[in-house]
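Okay, here's what each chain looks like letter by letter:
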Amino acid sequence: MLKSTIVLLNVSFLLFPKMAFSNEAELFQFYPDCDYDVIDTVNVSGRLRFSTGSTLEESLDKARLSVIEDILQLAREKGADGAILTEKSTYLDNKTTETRISRNRVIFKAELVNNCYVGAPLSENATPFDEKGFKKRAINFSSNIMAGAQHVITYDIDTQRSAPAVASQSINFTQGAFGLPLSSTYQQMLQHFGTPTGTFILGNKRKVVSYGRDFWLTFQDQKLISVTNKNVWLSNELLSMMAFDRRFELQNWQVLDSIKFNMPMTDIELLFKTKQDTQHVVRIKQDGLLITLHGAASRVVLNELPEYGATFYSLSNATFTVKKLNILTNQSATDELSKFIEVQGGKMDIEALKSQALGSVRSDNDSTMLIMDNHIVLDVKGQALNKVYLLDSAFSKTLLNTDFPWQIGKLKQGSSIEYIKGYLGDDIFGFGDMLEVSNERYIQELYFSDYDTGLVLDSSEITVF
């Protein structure tokens with residue numbers, strides 16, 4: 001690769017004609033040999049889409065070329081002779097994700113330029129990127145921003161994360177879960193398990209804490225009242241943004257010294273001389289406490305009864321119930337975001353918004369995601385806004401007493417794609433069920449869902465520069 005790069009940079013430009021995607025706009029490999037005209041500067045991103053059998057490199061290649069084609073399409077629309085790629089960033093997140101908000105993307109900054117005159121020659125001064133979007137004079141892709149394997153989430157924002165080893169895998173009435181008894185305080189939990197992955201304030205002095213996606217603790221008045229490995233509070237969309245905690249995801253727990261993960265529910269019935277209900281749930285009570293085991297089908301064969309194994313556990317006070325959520329629209333965050341999008345140079349008051357958050361997510365060592373309401377999630381670094389996520393629903397819809405659609409300015413969840421196109425005008429791209437609008441301050445991607453009435457706005461992601 002190094003040899004071919006050196007040849008590219010030192011031979012005459014006449015041997016390497018400009019790469020042409022159309023007769024009207026070209027990707028310049030060398031700068032115009034004059035005081036050329038820059039008619040616009042654009043930022044365009046593309047998501048990595050993985051297909052069966054495709055490698056990361058193949059997906060990156062497709063994304064890079066797709067973004068370059070989009071930039072040249074912009075150049076054609078604006079009447080430019082061509083484009084010069086000036087900056088590139090590649091965000092790769094190695095976590096498995098179920099959300100439609102794709103975190104893997106390639107972003108190019110480009111100048112749309114006019115040459116000196118029609119057919120004018122180019123200089124021998126090479127542009128920064130080649131025709132495939134690779135940085136010239138570089139062997140490694142140093143512009144990649146690699147997301148860490150751990151995205152730690154916490155409401156009480158700490159500068160250091162702790163994750164002590166879990167000494168016990170037992171769950172019982174006396175020792176509690178993994179060595180932490182019920183009625184423990186929030187501070188005792190921190191000392192025992194370390195920094196939480198996620199913490200959410202859900203009203204009525206109730207706090208839900210998560211370590212990864214597989215261990216959930218509920219506190220009432222700072223006292224532990226329930227633990228479980230089953231998420232019932234968050235939507236898959238928000239859940240998929242959370243880090244795993246490998247201390248709990250292996251499911252090595254042992255309930256009452258005899259029940260292990262995937263143990264047949266029929267064996268549990270015999271062991272404890274009880275019956276599972278129609279939802280394949282077994283309940284065991286002792287001294288005002290309750291252990292619940294919920295079975296899930298381990299295999300399904302046509303014309304055969306499925307086998308159910310113990311998949312979810314919970315240990316709680318016998319009177320514990322999961323309460324409905326009253327998540328209202330955060331009008332302050334909505335207004336701040338609307339002002340930021342619509343007003344040139346507008347800024348969001350991040351410090352004020354932190355105090356209003358229902359919870360927060362540490363997405364890496366120096367970034368935090370603030371959950372403002374059921375839809376708005378802000379990714380901030382210090383006092384700087386990095387990203388805005390407008391989710392279909394951050395919390396489980398089955399728990400919501402009300403579900404208001406998000407609305408930022410004239411962009412409203414549930415609007416038809418035709419309305420959105422009309423509102424945004426000509427400054428958009430279309431990619432199937434996604435539209436993109438960009439300016440010098442941010443890129444906004446709008447995602448649509450297909451209903452009988454057509455494509456309607458579902459969620460959005462804003463990347464801030």
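Residues numbered from 1 in each chain as written. Predicted model: local features only at pLDDT ≥ 70, side-chain atom pairs only at ≥ 80, totals over all residues. Heavy atoms only, no water.

Draft legend 1. Geometry of the overall build of the protein chain. The helix and strand tally for the protein chain stands at nine helices and 29 strands. Residues counted as buried form 51% of the 465 residues belonging to the protein chain. In the protein chain, 62% of the contacts between residues at least 6 apart in sequence involve partners at least 24 apart. Summed over all atoms, the accessible surface of the protein chain reaches about 22500 Å², with 51% contributed by carbon and sulfur. (Helix = DSSP H or I, 4+ residues; strand = E, 2+ residues; numbered from the N terminus. Buried < 20%, exposed > 50% of the residue type's maximum accessible area, 1.4 Å probe, protein only. Contact = heavy atoms within 4.5 Å. Areas by Shrake-Rupley, 256 points an atom, 1.4 Å probe, with all protein chains shown as cover.)

Draft legend 2. Here's a closer look at the sheet that holds strand S15 (residues 254-255). As summarised here, the arrangement of the four strands in space is S10-S9-S15-S16, forming an open sheet in which the pairing is mixed. For this open sheet the edge positions go to strand S10 (176-177) and strand S16 (259-260), each flanked by a neighbour on one side alone. Alignment of strand S9 (residues 170-172) against S10, held across two bridges, turns out to be antiparallel. Within S10, the residue paired with isoleucine 171 across the bridge is alanine 177. (Pairing = 2+ DSSP bridges.)

Draft legend 3. The arrangement of the pattern of salt bridges in detail. In this structure the tally under the stated criterion is eight salt bridges. Arginine 246 serves as the salt-bridge partner of glutamate 249, at 3.5 Å between the closest nitrogen and oxygen. Of this pair, glutamate 249 and arginine 246 are both found in helix H5 (residues 246-249), three residues apart, which corresponds to roughly one turn of the helix. Relative accessible area serves as the criterion here: at 55%, arginine 246 is assigned to the exposed category. Two residues, aspartate 277 and arginine 283, come together in a salt bridge whose shortest N-O distance is 3.0 Å. For aspartate 277, a relative accessible area of 27% corresponds to the partly exposed category. (Salt bridge = Lys/Arg side-chain N within 4 Å of Asp/Glu carboxyl O.)

Draft legend 4. Quick look at the side chain of aspartate 373. Mapped onto the fold, aspartate 373 is located in the loop between strand S21 (368-371) and strand S22 (376-381). Lysine 397 is the oppositely charged side chain nearest to the buried, salt-bridge-free aspartate 373, at an N-O distance of 13 Å. Discounting residues that sit within four places of it in the chain, aspartate 373 has contacts with Ile327, Leu328, Thr329, Asn330, Leu358, Ala394 and Phe395. (Lys, Arg positive; Asp, Glu negative; His and termini not counted.)

Draft legend 5. Fine view of helix H9 (residues 417-424). Listed in full, the buried residues belonging to H9 are Ile417, Ile420 and Leu424. Taken down its axis, H9 places every buried residue within 60 degrees of arc, on the same side. Facing away from the buried surface of H9 by more than 90 degrees, the exposed residues are Glu418 and Gly422. Against strand S25 (411-412), strand S26 (428-431), strand S27 (434-438), strand S28 (442-451) and strand S29 (454-464) lie the buried residues of H9. (Arc of directions from axis to C-beta.)

Draft legend 6. Highlighting the state of the cysteines. The tally for this structure, following the rule as stated, stands at one disulfide. Bridging cysteine 34 to cysteine 116, the disulfide has an S-S length of 1.7 Å. Across the disulfide from cysteine 34 to cysteine 116, rotation about the S-S bond amounts to roughly -105 degrees, and the bridge is consequently left-handed. Taken as a pair, cysteine 34 in the loop between strand S3 (30-32) and strand S4 (37-47) and cysteine 116 in the loop between strand S6 (105-114) and strand S7 (122-126) lie far apart in primary sequence, 82 residues in all. (Disulfide = S-S within 2.5 Å.)

Draft legend 7. Main features of the pairing of S26. Looking at chain direction, S26 and S27 are connected through four bridges and run antiparallel. Its bridge partner lying in S27, phenylalanine 431 is registered against methionine 434. Counting the residues that bridge the hairpin from S26 to S27 gives two residues, and of these glycine 432 lies at a positive phi of roughly 65 degrees.

Draft legend 8. Structural view of the confidence of the model for the protein chain. The predicted model of the protein chain averages 81 in pLDDT, with 82% of residues at 70 or higher. The lowest-confidence element of the protein chain is strand S8 (residues 144-146), averaging 28 in pLDDT; the highest-confidence one is strand S14 (residues 223-228), averaging 97. Throughout residues 1-22 the model reports pLDDT below 50, and contacts reaching past four residues in sequence, or to other chains, amount to 31 contacts. (pLDDT = per-residue confidence, 0-100.)

Draft legend 9. Local environment of the nonpolar core. Core analysis: the largest hydrophobic core is formed by 33 residues, its most contacted members being Phe178, Met189, Phe193, Phe215, Leu217 and Val255. Those elements giving two or more residues to this core turn out to be helix H3 (186-193), strand S13 (216-220), S14, helix H6 (265-272), strand S17 (281-286), strand S18 (289-299) and strand S19 (307-317). Not counting the four nearest positions on each side in its chain, leucine 217 is found in contact with Leu180, Met189, Phe193, Lys207, Val208, Val209, Tyr211, Leu224, Ser226 and Val227. (Core = buried A, V, L, I, M, F, W, Y, C linked by side-chain atoms within 4.5 Å.)

Draft legend 10. Spotlight on the environment of leucine 238. Tracing the sequence through the fold places leucine 238 in helix H4 (residues 236-239). Considering only alpha carbons, one finds leucine 238 and alanine 394, 156 residues apart in sequence, at a separation of 5.2 Å.

Draft legend 11. Spotlight on unusual backbone geometry. Of note, the phi angle at phenylalanine 178 is positive, near 55 degrees, even though the residue is not glycine. Along the chain, the position of phenylalanine 178 falls in the loop between S10 and H3. Unlike most non-glycine residues, glutamine 222 shows phi in positive territory, near 70 degrees. Secondary-structure assignment places glutamine 222 in the loop between S13 and S14.

Draft legend 12. Expanded view of the packing of aromatic side chains. Tallying each qualifying case throughout the model produces 16 aromatic pairs. Measuring from centroid to centroid gives 6.2 Å for tyrosine 31 and tyrosine 36, while their planes differ by 25 degrees, and the two rings are stacked. Overall, tyrosine 31 belongs to the buried group, its relative accessible area being 18%. For tyrosine 36, a relative accessible area of 23% corresponds to the partly exposed category. Ring centres 5.1 Å apart and planes at 80 degrees place the aromatic pair phenylalanine 178 and phenylalanine 215 in the edge-to-face group. Of the two residues, phenylalanine 178 sits in the loop between S10 and H3 while phenylalanine 215 sits in the loop between strand S12 (206-210) and S13, which places them 37 residues apart along the sequence. (Phe/Tyr/Trp six-rings, centres within 6.5 Å; stacked < 30°, edge-to-face > 60°.)

Draft legend 13. A look at the side chain of serine 210. Note that serine 210 resides in strand S12. Every residue in contact with serine 210, bar those within four places of it in the chain, is listed here: Pro196, Thr197, Gly198, Phe215, Trp216 and Met242.

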